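# Tertiary structure, described
Take a look at the letters that make up each chain.
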Amino acid sequence: MTTEAVSGSATAVAHPSLAMIKYWGKQDTTENIPATPSLAVTLDGLDTTTHVVLYPSEASGSPSDIVKIDGVSQPIQRYKGFFDAFRRLASENGIDLTRWWFMAESSSNFPSAAGLASSASGFAALVLACAGASGLGDVPDTRDLSAVARVGSASAARSLWGGFTQLNAGAKSAAPVKDASWWPNLRIIVAEVEKGPKSFSSRMAMESTRLHSPYYKAWLEDSSILFRQAMAGLESRDLSILGPAIRKSYMRMFATMFASDPPIVYWKPGSLSLINACEKIRGDGIQAWETMDAGPQVKVFCLDENTEAISRRLQMALPGVNLRICTVGGAPVLRNG
Ligand code: PMV
């Protein structure tokens, strides 16, 4: 039995989920079911804050839910699947939201849609704030919230937990692997190579790779091997095992994109300068393993004691580059009101 919702509001803060082993390609495009297993770390210091208000649709004067990022209204079609999935979850938990709209306002302390996983933290914060505003609070299991966030953006399914998380190929929700305290001296240097939005959405680029890259099948087969290697490195907290798997995963993901017709190229000259710098740093015996996502930014996995030396070398390779040093982040948090 369901009961009618009542007005409410809530604010949630979530962090991006940076993949060490990449999800790239979907088994199901509408439901956003990943075709590859991914293993990710939640980044502390990068935050998305989302405030959600629930109000009765007839009193609203609006024809739909509303989402604003940095004060700018977003095309609501992009969010329809997410809100439909959330309403289904609410109904399964006894709350009828059919005659209610959500109004969400979101902002991040880092650039959106630029390859810094803002969609991961964005949908994770959104699902949690919607749950708070609807009075669901802690009632749904985190895995259920993860499954709803996945419909918005598959990487967001992972951002519902802190620490290290996995999202299996074919899975509807992510799962925690290790909590944030697992690897205290691990650091991730986030290098912002270029500001401004990326040239193609990851959604469009993934589909194009699946349909037009002859290497896509090999990428799918290889990704589960890399996933197992990375898990072994994480389990033993050994960057000399985890690092090579991280590097292979992003390089092979991009290889499938470069081979697509037309090719998809997110890299910029500055990205390549930093990739080359990491290779030289490793040549000097320091663990510095870079990765990239759907954008030109470069993220470098390293140990605390080497962050200063590595940062200096990255600055020399790309003068003026903005660097943020992140530790492993915690789970998203919900505040009522
Ligand atoms: O969840 P999306 O649609 O933003 O895609 C994320 C894709 C990558 O960032 C490149 C890889 C990943 O696993 O996060």
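Structure shown above.
Source: prediction; values computed, not measured. (Residues numbered from 1 in each chain as written. Predicted model: local features only at pLDDT ≥ 70, side-chain atom pairs only at ≥ 80, totals over all residues. Heavy atoms only, no water.)

Below, the discussion takes up helix α8 (residues 307-317). Within the span of α8, buried status applies to T307, I310, S311 and L314. Take α8 and look down its axis: the buried residues cluster within an arc of 100 degrees, on one side only. Within α8, the exposed residues directed more than 90 degrees away from the buried face are E308, R312 and M316. Structurally, α8 contributes buried residues whose contacts are with β14 (186-192), α7 (269-283), β16 (298-303) and β17 (322-326). (Buried < 20%, exposed > 50% of the residue type's maximum accessible area, 1.4 Å probe, protein only. Helix = DSSP H or I, 4+ residues; strand = E, 2+ residues; numbered from the N terminus. Arc of directions from axis to C-beta. Contact = heavy atoms within 4.5 Å.)

With the rule as written, the count across this model stands at 14 salt bridges. Linking E31 and R150 is a salt bridge whose minimum nitrogen-to-oxygen distance equals 3.1 Å. In this pair, E31 sits in the loop between β4 (26-28) and β5 (33-34) while R150 sits in helix α3 (residues 142-152), placing the two residues 119 residues apart along the sequence. A salt bridge links R313 to D284; the nearest nitrogen and oxygen atoms lie 2.9 Å apart. Here D284 lies in the loop between α7 and β15 (289-292) and R313 lies in helix α8, a separation of 29 residues in the sequence. The exposure class assigned to R313 is partly exposed, which follows from its relative accessible area of 28%. You can call D284 exposed: its relative accessible area is 51%. In the salt-bridge network here, residues are joined through shared partners; they are K22, D293 and K299. (Salt bridge = Lys/Arg side-chain N within 4 Å of Asp/Glu carboxyl O.)

Taken as a whole, this structure holds 11 aromatic pairs when the rule is applied. With a centroid separation of 5.1 Å and 80 degrees between ring planes, the pair formed by F82 and F83 is classed as edge-to-face. With respect to class, F82 is no different from F83; both count as buried. Between the aromatic rings of F83 and F102, the centroid separation amounts to 5.5 Å while the plane-to-plane angle is 15 degrees, which identifies the pairing as stacked. Here F83, found in helix α1 (residues 77-92), pairs with F102, found in strand β11 (residues 100-108); they are 19 residues apart in sequence, far enough to count as distant. Each member of the pair F83 and F102 is classed as buried. For K178, the ring lying beneath its charged end belongs to W182, and the centroid distance is 4.1 Å. The side chain of R282 reaches across the aromatic face of W289, ending 4.4 Å from its centre. (Phe/Tyr/Trp six-rings, centres within 6.5 Å; stacked < 30°, edge-to-face > 60°. Lys NZ or Arg CZ within 6 Å of the ring centre and 35° of its normal.)

One open sheet holds the 4 strands; their spatial order is β15-β16-β14-β17, and the pairing between them is antiparallel. Because the sheet does not close on itself, it has two edges, and the strands there are β15 and β17. Sheet twist, expressed as the mean angle between neighbouring strand axes with direction ignored, is 25 degrees. Here β14 pairs with β16 via 6 bridges, running antiparallel. (Pairing = 2+ DSSP bridges. Axes fitted to C-alpha atoms, helices over the stretch in contact; angles between N-to-C directions.)

Here the focus is unusual backbone geometry. Glycine aside, residues mostly have negative phi, and peptide bonds are mostly found in the trans state. Here D261 and P262 are connected by a cis peptide whose omega angle stands at 0 degrees. As for its placement among the helices and strands, P262 is situated in the loop between α6 (239-258) and α7. Despite not being glycine, D70 shows a phi value in the positive range, around 50 degrees. One can find D70 in the loop between β8 (66-69) and β9 (72-73). Residue classification places D70 among the exposed positions, given a relative accessible area of 53%. Non-glycine residue R237 carries a positive phi angle of around 50 degrees.

Take D304: it is sitting in the loop between β16 and α8. Taking the C-alpha atoms as reference, D304 lies 8.7 Å from P184; in sequence the two are 120 residues apart. Excluding residues within four positions of it along the chain, D304 makes contact with N185 and R187.

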